[in-house]
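# Structural overview
Here is how the chains run, residue by residue.
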Amino acid sequence: MAPSFLSVARFVEALLRRRFSSAGLSLQTLSIDSETTIQFWGPPPSSSSENTQKPSLLLLHGFGPSAVWQWSHQVKPLSHFFRLYVPDLVFFGGSSSSGENRSEMFQALCMGKLMEKLEVERFSVVGTSYGGFVAYNMAKMFPEKVEKVVLASSGVNLRRSDNEAFIARAKCHRIKEVMLPASATDLRRFSGMVSSKRLDYVPDFVLNDFCQVSFFSSLF
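Residues numbered from 1 in each chain as written. Predicted model: local features only at pLDDT ≥ 70, side-chain atom pairs only at ≥ 80, totals over all residues. Heavy atoms only, no water.

### Brief notes about the overall build of the protein
Note the threshold: Secondary structure follows DSSP: runs of H or I at least 4 residues long count as helices, runs of E at least 2 residues long count as strands, and numbering of each begins at the N terminus. The reference for a compact globule is 2.2 Å times residues^0.38; the radius of gyration itself is calculated from the C-alpha atoms. Contacts are residue-level and defined by heavy atoms, with any inter-residue pair within 4.5 Å sufficient.
When its secondary structure is counted, the protein shows 10 helices and seven strands. Radius of gyration (C-alpha) of the protein: 18 Å, near the 17 Å computed for a compact globule of 220 residues. Considered along the principal axes of its C-alpha atoms, the protein spans approximately 50 × 40 × 35 Å. In the protein, the share of contacts with a sequence separation of at least 24, taken over all contacts with a separation of at least 6, comes to 64%.

### Structural notes on the nonpolar core
Cut-off, in case you're wondering: By nonpolar core is meant a set of buried Ala, Val, Leu, Ile, Met, Phe, Trp, Tyr and Cys residues that side-chain atoms within 4.5 Å join together. Burial classes follow relative accessibility: with a 1.4 Å probe on protein chains only, a residue under 20% of its type's maximum area counts as buried, one over 50% as exposed, and anything between as partly exposed.
Judged by nonpolar contacts, the single largest core of 56 residues is most densely connected at Leu 58, Leu 60, Val 75, Val 86, Met 111 and Met 138. The dominant element in this core, judged by the number of residues it contributes, is helix α5 (residues 104–117), at six residues. Those residues in contact with Leu 58 that sit more than four places away from it in its chain are Tyr 85, Pro 87, Met 111, Met 115, Phe 123, Ser 124, Val 125, Val 126 and Met 138.

### With respect to the environment of Lys 113
The criterion, for reference: Whenever two N or O atoms come within 3.5 Å, that pair is a polar contact, provided that in protein one can donate a hydrogen and the other can accept it, and provided that, for residues adjacent in sequence, both atoms are side-chain atoms.
Positionally, Lys 113 belongs in helix α5. Residues within four places of Lys 113 in sequence aside, it is in contact with Ile 32 and Asp 33. Separated by 3.0 Å, the side chains of Lys 113 and Asp 33 make a polar contact.

### Thoughts on the domain arrangement of the protein
The cut-off we apply is this: An automatic or database domain assignment is the source of the domain bounds shown. By definition here, a salt bridge exists when the distance from a side-chain nitrogen of Lys or Arg to a carboxyl oxygen of Asp or Glu is within 4 Å.
When its domains are assigned, the protein resolves into domain 1 (1–44 + 54–157) and domain 2 (158–219). Taking only C-alpha atoms into account, the centre of domain 1 sits 22 Å from that of domain 2. Contacts between the two partners involve 20 residues from domain 1, matched on the other side by 15 residues from domain 2. Where domain 1 meets domain 2, there are zero salt bridges. In this structure, the connection of domain 1 to domain 2 is made through four residue pairs in polar contact (both at pLDDT 80 or more).

### Observations regarding the UniProt feature "domain: AB hydrolase-1" (unreviewed entry) in the protein
Condition: UniProt positions are given in the numbering used here, feature names are shortened, and annotations may be inferred rather than shown by experiment.
As recorded in UniProt, the sites labelled "domain: AB hydrolase-1" (unreviewed entry) are residues 55–195. Here residues 55–195 is 44% helix and 18% strand, with 32 Å between the C-alpha atoms at its ends.

### Comments concerning the environment of Ile 175
Among the secondary structure elements, Ile 175 is positioned in helix α8 (residues 175–179). When its relative accessible area of 26% is taken as the criterion, Ile 175 is described as partly exposed. In this structure, the C-alpha to C-alpha distance between Ile 175 and Glu 144, residues 31 residues apart in sequence, is 35 Å.

### Things to note about the pairing of strand β3 (residues 56–60)
Quick note on the threshold: Whether two strands pair comes down to DSSP finding at least two bridges between them.
The element β3 is largely enclosed, with a buried count of five among its five residues. Every second residue of β3 is oriented toward a common face, with Ser 56, Leu 58 and Leu 60 on one face and Leu 57 and Leu 59 on the other, all of them buried. Both β3 and strand β4 (residues 83–87) contribute to a ladder of three bridges, which runs parallel. Looking across to β4, one finds that Leu 57 is bridged to Leu 84. Both β3 and strand β6 (residues 123–128) contribute to a ladder of four bridges, which runs parallel. The residue bridging Leu 58 from the neighbouring strand is Val 125, located in β6.

### Here we look at helix α7 (residues 160–170)
Quick reminder: α-helices carry 3.6 residues per turn. Residues three or four places apart thus point the same way. Our working definition: Here, the arc refers to the directions that run from the helix axis to the C-beta atoms.
For α7, the full list of buried residues reads Phe 166, Ile 167 and Ala 170. Projected down its long axis, α7 carries its buried residues within an arc of 95 degrees, all on one side. Pointing more than 90 degrees away from the buried face of α7 are the exposed residues Ala 168 and Arg 169. On the buried face of α7, the contacting elements are α8 and α9 (184–194). Positive phi shows up at Lys 171, right after α7, with a value of about 60 degrees.

Here it is as structure tokens:
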């Protein structure tokens, strides 16, 4: 991997972080229990009274890059109407756990603990892709806290045969090979499977750098 000062992905990530800061959010870290630490973007502790009166909204990112890569276009407009909380899911970005649980239910429990630690009593949740699975489980686990749920591009009713067909189309043996690209070739395959955008003309060194910086996860 290139040094951080030569990394295209690091440079882009720094620009994305500025979008979050310009939306009035600050990067924070909170231990929700003895095993798990969550990194999240949220209102600064010294938020104005106007901001505290807005309804709370939790944004849950999908599989792959951390939250800043997936919500950078939404945080500014949404911040005008909501008090935003944008965490890295456990095992992504700056969030980690020494526990062995890797299920969506565990992710939902951790997000619930985060909001409880932050003393947010009622909130709505938007989850995209993998984050939608987490949001769906949060709605089931915390009906007294979750007001509304939006699921975007989340196949919560997927069957095992659907995953098997997906793996077959990708010509892989395991879902990990598709969802955690480790090289430029892997990332082009991943993009071709989940997006209409093609990466054929992006140089290999840029895609390899992006894999190293953005797609690291210990979820598997």
